[in-house]
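Report on the structure
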Amino acid sequence: MAVILEKHFPVEAGAFTTAGEASTTIKRTLKQLGISAEVLRHVSVACYEVELNLVIHSLGGTLTLLVDPDNVTLISKDVGPGIPDIEQAMTEGFSTASAEARTLGFGAGMGLPNMKRNATEFDIQSEVGVGTTITMKFALAA
């Protein structure tokens, strides 16, 4: 499938003051492309959650937006520490967020479940000490 748009957004670990900027830019970009409000809502929720996970849990990474005629795809690729137990991490309410993140109101343990709930397709691959890649697709047509 031909990619209509590809954009990359670096996300810095621990950058709570700029958290959400990539998500906001992605939402604005998709709105300009005329993506439906329903798809936009799903992408926005999942995008914000994955961006916050990069800030809170990783050592930094990149959020990639791909748009083709059939799907919006978000790919989050980070550098370590990786997820030792993906099944546990997918449990609503489970969190390994730091005290700093919790003090700022983050780390409720709903990020990964919300991503999966909002995406048409959801895949997570992780290796401890290496990093995590999350790929989410959002269908543009029913």
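Residues numbered from 1 in each chain as written. Predicted model: local features only at pLDDT ≥ 70, side-chain atom pairs only at ≥ 80, totals over all residues. Heavy atoms only, no water.

This brings us to the environment of Gln125. Mapped onto the elements, Gln125 comes out in strand S4 (residues 121-127). Each C-alpha atom, one on Gln125 and one on Thr103, is 29 Å from the other, the two residues being 22 residues apart in sequence. Apart from the residues within four sequence positions on either side, Gln125 is in contact with Gly131, Thr132 and Thr133. Engagement of the side chain of Gln125 in a polar contact is seen with the side chain of Asp123, the distance being 3.1 Å. (Helix = DSSP H or I, 4+ residues; strand = E, 2+ residues; numbered from the N terminus. Contact = heavy atoms within 4.5 Å. Polar contact = N/O pair within 3.5 Å; in protein donor to acceptor, adjacent residues only side chain to side chain.)

Spanning 12 residues, helix H1 (residues 21-32) covers 17 Å between terminal C-alpha atoms, matching the ideal 16 Å at 1.5 Å per step. Note on H1: the residue one or two positions beyond its end, Gly34, has a positive phi of about 85°. (Expected span 1.5 Å × (residues − 1).)

Our next topic: the packing of helix H2 (residues 37-57) against helix H5 (residues 111-118). Here H2 crosses H5 at 150°, and the two axes come no closer than 9 Å. Between H2 and H5, the crossing angle belongs to the class labelled roughly antiparallel. The interaxial crossing formed by H2 with H5 has left-handed handedness. Residues His42, Val45, Ala46, Glu49, Val50 and Asn53 of H2 lie in contact with H5, whose contacting residues are Gly111, Leu112, Asn114, Met115 and Asn118. Classifying every residue of the contact of H2 with H5 by side-chain character gives 5 nonpolar, 5 polar and 1 charged. (Axes fitted to C-alpha atoms, helices over the stretch in contact; angles between N-to-C directions. Parallel < 35°, antiparallel > 145°, perpendicular 65-115°, else oblique. Left-handed = near helix turned anticlockwise from the far one by under 90°. Nonpolar A, V, L, I, M, F, W, Y, C, P; charged D, E, K, R; others polar.)

A few words now on the side chain of Thr132. Within the secondary structure, Thr132 sits in strand S5 (residues 131-139). Exposure remark for Thr132: the relative accessible area of 5% places this residue in the buried category. Engagement of the side chain of Thr132 in a polar contact is seen with the side chain of Ser126, the distance being 2.7 Å. In contact with Thr132, not counting residues within four places along its chain, are Ser76, Lys77, Asp78, Gly82, Ile83, Ile124, Gln125 and Ser126. (Buried < 20%, exposed > 50% of the residue type's maximum accessible area, 1.4 Å probe, protein only.)

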